[in-house]
Amino acid sequence: MTKNKVFLSIVVFVGVFSLLHGYQDLIGTEEINMVDQALINGFDFQMSFLVGLLSGLLVLVLTYNKEKIDPNILTEEFIRTKFQCLI
């Protein structure tokens, strides 16, 4: 796992957390509708932290890739272990 992927997931976490936690400050309080009021009441610190953490982990999982193994190396190891068992 490279540092760039971890850094990207941390940036996503901080971005999502700050947007959800600071949602009330972003929209203001003038003429607030019921949906905005429900979001403000529903997203407290714990919920914002959890959603941010899950978003960051999702980015980390989606950008994860395994190292490609050369089939020749696997073949050589297989042959070597087979000959060691016969001797």
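**Observations concerning the overall build of the protein**
Scanning the protein from N- to C-terminus turns up 5 helices and 0 strands. For the protein, the sequential pattern of α-helices and β-strands runs α-α-α-α-α. Here the C-alpha atoms of the protein give a radius of gyration of 24 Å, more than 25% beyond the 12 Å that 2.2 N^0.38 yields for 87 residues. By its C-alpha atoms, the protein is 85 × 20 × 15 Å across when sized along the principal axes. Going through the 87 residues of the protein one by one, you find that 13% of them count as buried. Across the protein, contacts joining residues at least 24 apart in sequence account for 71% of those joining residues at least 6 apart. In the form shown here, the protein has an accessible surface area of approximately 7,500 Å², with 66% of it arising from carbon and sulfur atoms.

**Let's talk about the side chain of S48**
Here S48 shows up in helix α4 (residues 45-62). Assessed through its relative accessible area of 0%, S48 is described here as buried. Reaching out from S48, the side chain makes a polar contact with the backbone oxygen of D44 at a distance of 2.9 Å. When sequence neighbours within four positions are dropped, the list of residues in contact with S48 reads F17, L20, H21 and F43.

**Brief notes about the UniProt feature "transmembrane region" (unreviewed entry) in the protein**
The UniProt record annotates "transmembrane region" (unreviewed entry) at residues 46-64. Regarding residues 46-64, the helix share stands at 89% and the strand share at 0%, and the terminal C-alpha atoms are separated by 27 Å.

**As for the packing of aromatic side chains**
Going through the model one piece at a time under the given rule, you end up with 5 aromatic pairs. Both rings, one in F13 and one in F17, keep their centres 6.0 Å apart while their planes meet at 15 degrees; by these two values the pair is stacked. With F13 and F17 both in helix α1 (residues 3-21), this residue pair falls 4 residues apart, about one helical turn. Neither F13 nor F17 differs from the other in exposure class; each is buried. With 5.5 Å between their ring centres and 90 degrees between their planes, F17 and F45 make a pair best called edge-to-face.

**Quick notes on α1**
Relative to the 27 Å expected for 19 residues at 1.5 Å per residue, α1 spans 27 Å between its end C-alpha atoms, a close match to the ideal helical length. Among all positions of α1, only S9, F13, F17 and L20 are buried. Down the axis of α1, the sector holding all buried residues measures 70 degrees, keeping them to one side. Exposed residues pointing more than 90 degrees away from the buried face of α1 are listed as K3, N4, F7 and L19.

Criteria and thresholds
Positions within a chain are numbered from 1, following the residues in the order the chain's sequence is written. For this predicted model, a pLDDT threshold of at least 70 governs which residues receive local features, and a threshold of 80 or more governs which side-chain atom pairs are given and counted, while totals over whole chains, interfaces and linings are taken from all residues. As a rule here, side-chain values come from all non-hydrogen atoms in the structure, and water together with hydrogens is ignored. What counts as a helix is a DSSP run of H or I of at least four residues, what counts as a strand is a run of E of at least two, and both are numbered from the N terminus. Our radius of gyration looks at C-alpha atoms and nothing else; its globule reference is 2.2 Å times the residue count to the power 0.38. Burial status follows relative accessibility: with a 1.4 Å probe on protein chains alone, a residue under 20% of its type maximum counts as buried, one over 50% as exposed, and anything between as partly exposed. We call two residues in contact whenever any of their non-hydrogen atoms come within 4.5 Å of each other. Surface accessibility follows the Shrake-Rupley procedure with a 1.4 Å probe radius. Residue values consider only the protein chains on display as shielding. Identification of polar contacts relies on pairs of N or O atoms within 3.5 Å, with a donor-acceptor requirement for protein atoms, meaning one able to donate a hydrogen and the other able to accept it, and with residues adjacent in sequence counted only if both atoms are side-chain atoms. UniProt positions are given in the numbering used here, feature names are shortened, and annotations may be inferred rather than shown by experiment. When two rings of Phe, Tyr or Trp (its six-membered ring) have centres within 6.5 Å they constitute a pair, described as stacked for plane angles under 30 degrees, edge-to-face for angles over 60, and tilted for the intermediate range. In a helix, the anticipated span is given by 1.5 Å times the number of residues less one. To obtain the arc, one takes the directions from the helix axis to the C-beta atoms.

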